Amino acid sequence: MAAANYLRSEDQFLCSICLDVFTDPVCTSCGHNFCKNCINEHWNTSDRYQCPMCKKVFNTRPELHVNTFISEMVVQFRQSAQQKTSSSSSSEQQVSKPGEVPCDFCTGTKLKALKSCLVCLASYCETHLEPHLTMSGLKRHQLIDPVENLEDRMCTKHDKPLELFCKTDQTCVCMLCLVLDHKTHEFVPLKEEYEGKKAELGKTEAEIQQMIQKRRLKIQEIKHSVDLSEEDADRKIAEGVQVFTALKESVERGQANLINTIKEKQKTTEKQAEAFIKELEQEISELMKRRTEVEQLSRFEDQLHLLQSVQSLKAAPPTKDWTEVNVRPSYEGTVGRAVAQLEETLSKDINKLFEDELKRVQQYAVDVTLDPDTAHPSLILSDDGKQVNDSDVEKNLPDNPERFSDCLCVLGKQSFSSGRFYFEVQVKGKTDWELGVARESINRKGDNSLSPQNGYWTICLRNGNEYKAATSPPVSLSLKSRPQKVGVFVDYEEGLVSFYDVDAAALIYYFTGCCFTEKLLPYFNPGLHDDGKNSTPLIISPVRVN
């Protein structure tokens with residue numbers, strides 16, 4: 001009952017300055033009690049000596065005396081509270097574990113703190129928290145979920161709890177900061193700012209999670225692209241092996257046919273030689289017999305007998321003329337004919353290869369139209385943006401930054417910064433033209449030399465029959481036939497620009513190892529009008545797969 005009575009009258013043991021149970025209670029001359037340190041610190045920071053309770057002012061600093069009665073009562077109260085704490089079953093409370101905030105007042109085994117007090121700067125277990133729940137003075141203290149390092153929650157300048165958030169300076173402040181250092185600033189309670197920031201963090205977390213998800217999907221996309229690329233590479237390798245195997249077999253067949261032809265000729269020559277030799281040996285045998293008879297007759301001394309015997313000689317010896325007979329076979333032209341036949345076979349195989357390649361790149365056909373804002377003032381563009389030719393008369397057009405001022409050319413409206421694209425242009429009837437692609441940043445106000453270094457990947461026709469690739473220096477192209485329609489194919493990532501004779505399904509030229517870092521646009525130059533000799537327009541044609 002004594003402990004209960006003490007607990008019911010706890011308010012009388014609280015210091016009105018620190019709002020905690022007295023420590024070394026002293027009494028002023030006006031009869032009010034305070035902790036010795038509390039009243040001394042209060043007067044040390046004040047410009048006059050005044051009682052915090054009744055506001056009585058003292059001319060000189062009063063001499064403080066220990067209140068023996070209050071001191072004894074505080075001792076009994078603390079002992080009673082300790083006994084109550086000891087009598088509580090600590091087994092019913094949780095013992096503090098690593099990572100949990102322990103009670104600051106438990107002796108021996110530290111129990112888990114249930115709350116932390118921002119006024120006392122201490123954390124309390126269930127038992128030691130009871131005064132804060134029952135004593136009116138302590139009830140005014142601000143309790144929060146248990147946290148460590150409570151000193152960090154105090155204003156270092158005023159030693160008061162950080163209860164507000166200064167939106168102007170974006171910092172946590174105490175009540176005195178509000179009055180003294182941040183008078184004109186905008187404030188909100190910590191809880192309000194906390195909820196706002198927590199909502200922002202939640203939104204940020206969702207955005208980050210979305211970004212993570214997008215990147216994970218991108219990883220999957222890249223991995224899938226790698227798998228597709230690997231499959232495509234295997235397919236291309238198989239196709240390449242098949243093509244080169246067929247070419248190799250054609251070469252080997254041509255070589256075998258050549259060897260067989262030469263060997264057959266050699267066998268025929270040998271048989272012919274054997275027949276000649278046999279015939280010659282037979283004639284030699286007959287001649288030797290006749291020589292023997294002649295020798296015998298030449299020895300006769302009897303004139304009559306000699307003359308009679310000569311009449312009995314065999315017929316005249318063989319008279320075949322062997323002077324023009326020879327067995328030297330003619331191999332002239334054999335190798336040449338074999339190579340020509342092989343070339344014809346390989347040409348058919350290569351043409352078939354290019355036909356298949358052209359069909360593949362035509363699958364990447366795009367719809368290209370001419371951009372009038374880039375066209376040189378002398379050019380005439382059709383209403384549908386598919387045809388262009390030189391008018392030989394320069395029109396008065398706005399000199400916008402995109403327009404070519406010196407070069408007789410125009411760009412496509414469509415730009416490409418990735419992937420593959422293909423388009424076809426009819427060049428039939430023209431004696432001069434340039435076709436290809438150009439990067440977006442090319443110089444449009446001066447006379448540029450066409451080359452990859454200057455941002456152009458093009459081929460051109462000059463003087464009706466001179467085809468060139470616009471490299472540095474230009475490369476002359478030897479074509480079997482004059483292209484009537486030219487196909488342009490670009491693989492941005494591969495760094496490849498290829499040109500095809502569409503009707504012949506033949507490769508004209510290709511740029512490889514290109515390093516594209518910006519947008520590419522289709523490039524067209526129809527050439528000068530040339531008194532009507534080159535008036536036919538360049539025409540962007542719809543792609544039809546061969």
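Cut-off values and rules
- Residues numbered from 1 in each chain as written.
- Predicted model: local features only at pLDDT ≥ 70, side-chain atom pairs only at ≥ 80, totals over all residues.
- Heavy atoms only, no water.
- Pairing = 2+ DSSP bridges.
- Helix = DSSP H or I, 4+ residues; strand = E, 2+ residues; numbered from the N terminus.
- Buried < 20%, exposed > 50% of the residue type's maximum accessible area, 1.4 Å probe, protein only.
- Contact = heavy atoms within 4.5 Å.
- Polar contact = N/O pair within 3.5 Å; in protein donor to acceptor, adjacent residues only side chain to side chain.
- Salt bridge = Lys/Arg side-chain N within 4 Å of Asp/Glu carboxyl O.
- Expected span 1.5 Å × (residues − 1).

Peer 1: Before we go on, may I ask you to explain the pairing of strand β22 (residues 506-511) in this structure?
Peer 2: Within a regular strand, the side chains alternate between the two sheet faces. Inspection of the sheet shows strand β21 (residues 496-501) paired to β22 by five bridges, in the antiparallel sense. The residue of β22 that forms the bridge with D501 is A506. Adjacent in sequence and paired antiparallel, β21 and β22 are bridged by four residues, among which A505 carries a positive phi angle near 50°.

Peer 1: Whenever I open this one, the environment of M154 confuses me. Can you help?
Peer 2: Take M154: it is sitting in the loop between β8 (143-144) and β9 (164-166). In this structure M154 comes out as buried when scored by relative accessible area, which is 9%. The spatial distance from the C-alpha of M154 to the C-alpha of V119 is 9.0 Å, given a sequence separation of 35 residues. Those residues in contact with M154, other than ones at most four positions away along the chain, are L118, L121, D159, K160, P161 and L162.

Peer 1: So what exactly am I meant to see when it comes to the side chain of T269 here?
Peer 2: One can find T269 in helix α7 (residues 190-298). Of the residues examined, T269 reaches a relative accessible area of 11% and is grouped as buried. Here the side chain of T269 touches K265 through a polar contact of 2.8 Å, landing on its backbone oxygen.

Peer 1: I keep staring at the pairing of strand β15 (residues 420-426) and nothing clicks. Help me out?
Peer 2: Of all seven residues in β15, five are buried, a share of seventy percent or more. In this sheet, strand β20 (residues 485-491) lies alongside β15 in antiparallel orientation, the contact comprising seven bridges. Within β20, the position partnered with E424 by the bridge is G487. Here β15 runs beside strand β24 (residues 538-541); their pairing, made up of three bridges, is antiparallel. Within the sheet, the bridge partner assigned to E424 lies in β24 and is S541.

Peer 1: Looking at this structure, how should I read the pattern of salt bridges?
Peer 2: Note that side chains of opposite charge can pair when their charged atoms are close. Here the structure, examined in full by the defined rule, presents 13 salt bridges. Across the pair K197 and E200 runs a salt bridge whose closest N-O atoms are separated by 4.0 Å. Of the two residues, K197 and E200 both sit in helix α7, three residues apart, roughly one turn of that helix. Residue class for K197 comes out partly exposed when judged on its relative accessible area of 33%. Using a relative accessible area of 47% as the deciding quantity, one classes E200 as partly exposed. Close ionic contact of K386 with D367 constitutes a salt bridge, the shortest N to O distance being 2.4 Å. With K386 in the loop between β12 (379-381) and β13 (387-390) and D367 in the loop between α9 (334-362) and β12, this pair connects stretches of sequence that are 19 residues apart. In this structure D367 comes out as exposed when scored by relative accessible area, which is 54%. Shared partners join several salt bridges into a network, and the residues in it are K167, E193, K197 and E200.

Peer 1: What exactly am I supposed to notice about α7 here?
Peer 2: The periodicity of an α-helix, 3.6 residues per turn, causes residues three or four places apart in sequence to face the same way. Taking 1.5 Å of rise per residue, the 109 residues of α7 would be expected to cover 162 Å, and the 155 Å separating its terminal C-alpha atoms lies within 8% of that figure. Along α7, the positions that sit buried rather than exposed are E193, L247, S250, G254, L258, T269, A273, F276, E283 and L297. Buried-residue contacts for α7 involve β9, β11 (187-189), α8 (303-310) and α9.

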